[in-house]
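# Examining the three-dimensional arrangement
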Amino acid sequence: MNAIELLKQDHQYFRQLLEKLGQTTERAVKTRRELLHRLKGELEVHTDLEEQIFYPAFKKAGEKPEAIMVHEGREEHRTVDALVIPDLLKTDPGSVPFSGRVKVLKELIEHHLEEEEKEMFPRAAKVLGKARLEELGQQMEERRRVLKQAKAA
Ligand SMILES: [Fe+2]
Ligand SMILES: [Fe+2]
């Protein structure tokens, strides 16, 4: 699978999880915990693949506009990983504030996925080219295996 296909497939999965999480109510405490946990784990891996493999390759192949997109992407990752998810983990899933925070999380992530798909990936397809995207896809699949093994251990 090429790098863009792989990342887009992950994005679809995040959209599904966020949709499900967004539909839960304060009564679905267990489901909320499970969905949040799954989302957090999968986001960590996805973000790692982007920041360690895809973003650097894209930045290197591009020029200033590509570098700016990479910095923007990293900032958005940081907002979700360092702020919104940690706050959610500290919030009672049976509470109304949790519902509000989930809405923010959903909006932030959906905006980020949209920007990667509409701005970064088309640009990446141009500057990286087919062969390089295949190569990066393979590297990402390999790294995903390693990260998942480390998590399971
Ligand atoms: Fe991202
Ligand atoms: Fe992404």
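Rules and cut-offs
Residues numbered from 1 in each chain as written. Chains lettered and ligands numbered in written order. Predicted model: local features only at pLDDT ≥ 70, side-chain atom pairs only at ≥ 80, totals over all residues. Heavy atoms only, no water. Helix = DSSP H or I, 4+ residues; strand = E, 2+ residues; numbered from the N terminus. Rg over C-alpha atoms; globule rule 2.2 N^0.38 Å. Buried < 20%, exposed > 50% of the residue type's maximum accessible area, 1.4 Å probe, protein only. Contact = heavy atoms within 4.5 Å. Areas by Shrake-Rupley, 256 points an atom, 1.4 Å probe, with all protein chains shown as cover. Lys, Arg positive; Asp, Glu negative; His and termini not counted. Charge placed at Lys NZ, Arg CZ, Asp CG, Glu CD. Salt bridge = Lys/Arg side-chain N within 4 Å of Asp/Glu carboxyl O. Axes fitted to C-alpha atoms, helices over the stretch in contact; angles between N-to-C directions. Parallel < 35°, antiparallel > 145°, perpendicular 65-115°, else oblique. Left-handed = near helix turned anticlockwise from the far one by under 90°. Donors = N, O, S within 2.8 Å, 3.2 Å for Na, K, Ca; no water. pLDDT = per-residue confidence, 0-100. Tetrahedral: all angles 85-135°; square planar, octahedral: opposite > 155°, others 65-115°.

### Describing the overall build of the chain
Per the secondary structure count, the chain includes five helices and zero strands. Reading the secondary structure of the chain in the N-to-C direction produces α-α-α-α-α. For a compact globule of 153 residues, the expected C-alpha radius of gyration is about 15 Å, and the chain comes in at 16 Å, within 12% of that figure. Taken along the three principal axes of its C-alpha coordinates, the chain extends 50 × 35 × 20 Å. Looking at the chain as a whole, 42% of its 153 residues qualify as buried. Considering only intrachain contacts with a sequence separation of at least 6, the fraction spanning at least 24 residues in the chain is 75%. With an accessible surface of roughly 8,800 Å², the chain has 52% of that area assigned to carbon and sulfur atoms. Of the side chains in the chain, 28 bear a positive and 29 a negative charge, and the two mean positions are spaced by 3 Å.

### With respect to the pattern of salt bridges
Enumeration over the complete set of coordinates arrives at 19 salt bridges. As a salt-bridge pair, aspartate 87 and lysine 90 come within 3.9 Å of each other at their nearest N and O atoms. Among the ionic pairs, arginine 132 bridges to glutamate 135, the shortest N-O distance being 2.4 Å. Remark: glutamate 135 and arginine 132 occur in helix α5 (residues 130–152); sequence separation between them is three residues, near one turn of the helix. Salt bridges linked by common partners bring Arg15, Glu114, Glu117 and Lys118 together as one network.

### Re the packing of helix α3 (residues 64–89) against helix α4 (residues 96–128)
For the pair α3 and α4, the least separation of the axes is 10 Å and the interaxial angle reads 160°. It follows that α3 is roughly antiparallel to α4 by the angle criterion. The hand of the α3/α4 crossing is left-handed.

### Focus on the coordination of the iron ion (ligand 1)
The protein atoms donating to the iron ion (ligand 1) are Glu50 (OE), His77 (NE2), His112 (NE2) and Glu116 (OE), with metal-donor distances spanning 2.1 to 2.2 Å. In the primary structure, the donors to the iron ion (ligand 1) are separated according to the pattern E-x26-H-x34-H-x3-E. A separation of 3.1 Å is found between the iron ion (ligand 1) and the iron ion (ligand 2), which share glutamate 50 as a coordinating residue. Separated by 62 residues along the polypeptide, glutamate 50 in helix α2 (residues 29–61) and histidine 112 in helix α4 bring together distant segments of the chain. Taking relative accessible area as the criterion, histidine 112 reaches 9% and is therefore assigned buried.

### Concerning the confidence of the model for the chain
Per-residue confidence for the chain averages 97 on the pLDDT scale, and 100% of its residues sit at or above 70. The secondary-structure element of the chain with the lowest mean pLDDT is α5, recorded at 96, while helix α1 (residues 3–23) shows the highest, at 98.

### Here's the deal with the coordination of the iron ion (ligand 2)
A metal bound by six donors in octahedral fashion has ideal angles of 90 or 180 degrees, whereas one bound by four tetrahedral donors has an ideal angle of 109.5 degrees. Within the protein, the iron ion (ligand 2) binds to His11 (NE2), His46 (NE2), Glu50 (OE) and Glu116 (OE); these donor distances fall in the range 2.0 to 2.2 Å. Between the four donor atoms coordinating the iron ion (ligand 2), the angles at the centre fall across 83 to 177°, so the site counts as irregular. Along the chain, the residues donating to the iron ion (ligand 2) fall in the pattern H-x34-H-x3-E-x65-E.

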